[in-house]
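Structural characterization, general
One letter stands for each residue in the lines below.
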Amino acid sequence: MGRRHRDYKAEWESGGEAGEKPRKMCAVSGKRMYANEGEAKATATHRLRDPEAGAKQLRVYRCMYCNAWHLTSKEQ
Ligand SMILES: [Zn+2]
């Protein structure tokens, strides 16, 4: 159905790497789940160094829904 396509797009917008198999995704935000803050920050640092990722800034935050960590490029 169309839902799968939308989920993929949400992952892409959040900075997901092309060609990498998607891991656990948050059912609410559609973002990739990180088990802890360190893993999320390490990924954010890696993406900020990659010009192809196009990320200008990334913030890590704990999701109140899935209790995992996510990355966001939004200032909030
Ligand atoms: Zn979540």
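Residues numbered from 1 in each chain as written. Predicted model: local features only at pLDDT ≥ 70, side-chain atom pairs only at ≥ 80, totals over all residues.

1. Focus: the overall build of the protein chain
- From N to C terminus, the protein chain includes two helices and two strands.
- By residue count, 17% of the 76 residues in the protein chain fall in the buried class.
- Contacts spanning at least 24 positions in sequence make up 43% of the contacts within the protein chain whose residues lie at least 6 apart. (Helix = DSSP H or I, 4+ residues; strand = E, 2+ residues; numbered from the N terminus. Buried ≥ 20, exposed ≤ 12 C-beta atoms within 10 Å, placed from the backbone. Contact = placed C-beta atoms within 7 Å.)

2. Quick notes on the pairing of strand β1 (residues 59-62)
- Note that β1 and strand β2 (residues 69-72) share four bridges and pair antiparallel. Its bridge partner being in β2, Arg-62 is matched across the sheet by Trp-69.
- The hairpin turn running from β1 into β2, its antiparallel successor, is six residues long, and Asn-67 in that turn takes a positive phi close to 70 degrees. (Pairing = 2+ DSSP bridges.)

3. Some words on the nonpolar core
- If you look at the biggest cluster of nonpolar residues, it comprises six residues: Tyr-34, Ala-40, Ala-44, Leu-58, Trp-69 and Leu-71.
- Counting only elements with at least two residues in this core, the list comes to α2 (37-49) and β2.
- With residues near it in sequence (within four places) discarded, Trp-69 still touches Tyr-34, Asn-36, Glu-37, Ala-40, Val-60 and Arg-62. (Core = buried A, V, L, I, M, F, W, Y, C linked by C-beta atoms within 7 Å.)

4. Quick look at the environment of Tyr-34
- Position of Tyr-34 among the secondary structure elements: in the loop between α1 (2-13) and α2.
- By C-beta crowding, Tyr-34 is classed as buried, having 22 other C-beta atoms within 10 Å.
- Spatially, the C-alpha atoms of Tyr-34 and Asn-67 are 9.5 Å apart, while their sequence positions differ by 33 residues.
- Once residues lying within four places of it in the same chain are set aside, the contact partners of Tyr-34 are Glu-39, Ala-40, Thr-43, Ala-68 and Trp-69.

5. What to know about unusual backbone geometry
- For Asn-67, which is not glycine, the phi torsion reads 70 degrees and is therefore positive.
- Inspection of the secondary structure assignment puts Asn-67 in the loop between β1 and β2.
- Residue classification places Asn-67 among the exposed residues on the basis of 9 C-beta atoms within 10 Å.

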